[in-house]
Amino acid sequence: MKKRYKTLYTLNDFMIGLWFLAGSILFLFESAKTVGVWLFIVGSLQLVMRPAIALANDLHVKRENERQDSLRRAKRLSE
């Protein structure tokens, strides 16, 4: 499961780089500045997603650990 979150995190980072690169290039042309600004906004939103992805991973791991602990306790009680 950790691999899934790592892949999502890496893909998000890659997309952030693309949005900011494209926005920077478009910002050089007066006629494309509005599109460039929107790409900066999209990239900024994805920067906000980075900690959200990390938090989702942490919560998932915590729930999984709690589930495993419950199973271990139940197994010990049944022995």
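For the structure, see preceding data.
This is a predicted model, so every value here is computed, not measured. (Residues numbered from 1 in each chain as written. Predicted model: local features only at pLDDT ≥ 70, side-chain atom pairs only at ≥ 80, totals over all residues. Heavy atoms only, no water.)

Draft legend 1. The arrangement of the overall build of the protein in detail. Scanning the protein for helices and strands turns up 2 helices and 0 strands. Over its C-alpha atoms the protein spans a radius of gyration of 21 Å, topping by over 25% the 12 Å that the globule rule assigns to 79 residues. Viewed in the frame of its principal axes, the protein has a C-alpha envelope of about 75 × 15 × 10 Å. A total of 79 residues make up the protein; the buried ones form 14% of that total. Accessible surface, the protein: about 6400 Å² in total, of which carbon and sulfur atoms supply 68%. The distance from the centre of the 13 positive side-chain charges to the centre of the 7 negative ones in the protein is 4 Å. (Helix = DSSP H or I, 4+ residues; strand = E, 2+ residues; numbered from the N terminus. Rg over C-alpha atoms; globule rule 2.2 N^0.38 Å. Buried < 20%, exposed > 50% of the residue type's maximum accessible area, 1.4 Å probe, protein only. Areas by Shrake-Rupley, 256 points an atom, 1.4 Å probe, with all protein chains shown as cover. Lys, Arg positive; Asp, Glu negative; His and termini not counted. Charge placed at Lys NZ, Arg CZ, Asp CG, Glu CD.)

Draft legend 2. View of the side chain of Asn12. The topology assignment puts Asn12 in helix α1 (residues 2–26). What Asn12 contacts, discounting residues up to four positions off in sequence, is Gln46, Met49, Arg50 and Ile53. (Contact = heavy atoms within 4.5 Å.)

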